[in-house]
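Next come the chains, spelled out residue by residue.
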Amino acid sequence: KSKVSLMVNVFLKDSSKKPSAAIFLSGSGTNAEKLLEHNRRLGARSAWHPALIVTDRPRTSRAREIAEKYGLPLLEHSIFEFYRAHGQEKVTLATPEARHVRDLWTDQLRAMIAPYKIDFGLLAGFVPLTNIVSDFPCLNVHPGDLTVMKDGRRYLVGLHSVPIELAILSGATSLRSSVILVQPYTPGASEMDSGPLLGISEPCPADLMGHSLEELRAVFAARKNEHRHGANKDLLSIIAAENQERLKEQGDWIVYPQAAEDFARGCFGRDEHGQLCWREDQLHAFQTVKTIEYGAVRRLIR
């Protein structure tokens, strides 16, 4: 029954050449390195080739080092300097003026990338909410299990370690990373992590580091600030950060390279009802799925 006979819109169109990807990063670039290591390990068997490294933080990221190590072109487009040059003291999207500056910054980035004729993007710790993702499909890895729903919406959403905090406070005993197809940013929209869910990692045990759930819930309840998640250097945020590092190793670094390979092979699409579809390869029929679990083996989640 899961075999699909209706029309499926493939996210990455078939082409005669191997698709090229730009890798975007803002910080340490560990996810970028794992993508590139996996790609290099597969060699000619890899379904995509890296064409470009892009960073918005030339001074503080490891983009130069990674680009040099893998012999890739590097594009540096400092978002901090751009905002300052346009009269903005901080990088934000809180005002119409700031959003206009972000659009200008994105337009310049778009022009810089254009000559490379990129087929898709891989966001590897890339901070800016930029609508470059409307130019070509972009994947991102997220530190939360986006199959978890609450009131009909994805629950473990948000930036940084927020999804980890939410999972811990809800009593989850394990954590997962998710790979999504990124949606363009819309001011005021809360559904930042609403894109098609291509893959999840195998579960990674949550570690409360000897503390009780009640203790951590009390820490959260004691927070006074308006944005209560991820804002304080308290016990909960420290434990969440530790768990995020473990999840990166046991989740991100496994699920992201594998999902990127399947994406580049044209394995993912969406049917006319918006349902995610997956196929083994271009010779096989699409099947409707909820997502794919990537680990030692690939498992279809229906």
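Up top is the structure.
The text that follows walks through the structure, step by step, so that each part is easy to find.

Analysis parameters
- Residues numbered from 1 in each chain as written.
- Predicted model: local features only at pLDDT ≥ 70, side-chain atom pairs only at ≥ 80, totals over all residues.
- Heavy atoms only, no water.
- Helix = DSSP H or I, 4+ residues; strand = E, 2+ residues; numbered from the N terminus.
- Buried < 20%, exposed > 50% of the residue type's maximum accessible area, 1.4 Å probe, protein only.
- Core = buried A, V, L, I, M, F, W, Y, C linked by side-chain atoms within 4.5 Å.
- Contact = heavy atoms within 4.5 Å.
- Arc of directions from axis to C-beta.
- Pairing = 2+ DSSP bridges.
- Axes fitted to C-alpha atoms, helices over the stretch in contact; angles between N-to-C directions.
- Salt bridge = Lys/Arg side-chain N within 4 Å of Asp/Glu carboxyl O.
- Phe/Tyr/Trp six-rings, centres within 6.5 Å; stacked < 30°, edge-to-face > 60°.
- Lys NZ or Arg CZ within 6 Å of the ring centre and 35° of its normal.
- Disulfide = S-S within 2.5 Å.

Okay, the side chain of Gln88 next. Relative to the helices and strands, Gln88 is located in the loop between α3 (79-85) and α4 (96-113). Here Gln88 falls in the buried class, since its relative accessible area comes to 17%.

Before going further, it helps to examine the nonpolar core. One finds Ile53, Leu122, Phe263 and Phe268 to be the most contacted residues of the largest nonpolar core, which totals 37 residues. For this core, the element with the most residues is helix α7 (residues 235-264), which contributes six residues. Contacts of Phe268, omitting those with residues within four sequence positions, involve Val10, Phe11, Leu198, Ala259, Asp262, Phe263, Leu276, Cys277, Trp278, Phe286, Ile292 and Tyr294. Membership of the second largest hydrophobic core comes to 23 residues, among which are Ala51, Tyr83, Ala98 and Cys138.

Looking now at helix α6 (residues 213-221). Because each turn of an α-helix spans 3.6 residues, side chains separated by three or four positions in sequence point in the same direction. For α6, every residue scored as buried is listed here: Leu213, Leu216, Val219 and Phe220. For α6, the buried positions fall inside an angular range of 120° around the axis, keeping them on one side. Among the exposed residues of α6, those pointing more than 90 degrees away from its buried face are Glu214 and Ala221. Contacts made by the buried residues of α6 are with α5 (162-169) and α7.

The next thing to look at is the sheet that holds strand β3 (residues 49-55). Spatial ordering of the open sheet is given by β4-β3-β2-β5-β6-β10-β11-β16-β17, a layout of nine strands whose pairing is mixed. Looking along the sheet, the strands with just one partner apiece sit at the ends: β4 (74-76) and β17 (298-301). Strand-to-strand twist across the sheet, computed as the mean angle between neighbouring axes with direction ignored, equals 25°. Note that strand β2 (residues 20-25) and strand β5 (residues 120-123) share four bridges and pair parallel.

All right, on to the sheet that holds strand β13 (residues 268-271) then. Whenever strands of a sheet pair, they do so through backbone hydrogen bonds, lying parallel or antiparallel. Here we have four strands laid out as an open sheet, ordered β1-β13-β14-β15, and antiparallel in their pairing. Two strands in the sheet have a free side with no partner beyond their single neighbour: β1 (8-10) and β15 (287-288). Summarising the sheet, β1 and β13 pair through three bridges and their orientation is antiparallel. Across the sheet, the residue bridging to Asn9 is Arg270, located in β13.

The subject of this paragraph is the pattern of salt bridges. On inspection of all chains with the given rule, the structure shows 18 salt bridges. Note that Glu37 and Lys34 form a salt bridge whose closest N and O atoms lie 3.5 Å from each other. Taken together, the residues Glu37 and Lys34, both in helix α1 (residues 30-42) and three residues apart, mark about one turn of the helix. Looking at Glu37, the relative accessible area reads 28%, which means it is partly exposed. Accessibility expressed as a relative area gives 26% for Lys34, which makes it partly exposed. Of the charged contacts in the structure, one is a salt bridge between Arg59 and Glu81, with a shortest N-O distance of 3.5 Å. Of this pair, Arg59 sits in the loop between β3 and α2 (63-70) while Glu81 sits in helix α3, and the two are 22 residues apart along the sequence. With a relative accessible area of 74%, Arg59 lands in the exposed category. Classification of Glu81 as partly exposed rests on a relative accessible area of 41%. One network of salt bridges, with partners in common, ties together Glu33, Arg62, Glu65 and Lys69.

Aromatic ring pairs are described here by two measures, namely the spacing of the ring centres and the angle between the planes. Under the defined criterion, the tally for this structure stands at three aromatic pairs. Three or more aromatic residues link up through ring pairs in this structure, and these residues are Trp48, Phe120 and Phe263. Taking the ring centre of Trp253 as reference, the NZ or CZ of Lys34 above it sits at 4.6 Å.

What we call a disulfide is simply a covalent bond connecting the sulfur atoms of a pair of cysteines. With the rule as written, the count across this model stands at zero disulfides. You can see Cys277 has no disulfide; the closest cysteine sulfur is in Cys267, sitting 12 Å from it. Classification of Cys277 as buried rests on a relative accessible area of 0%.

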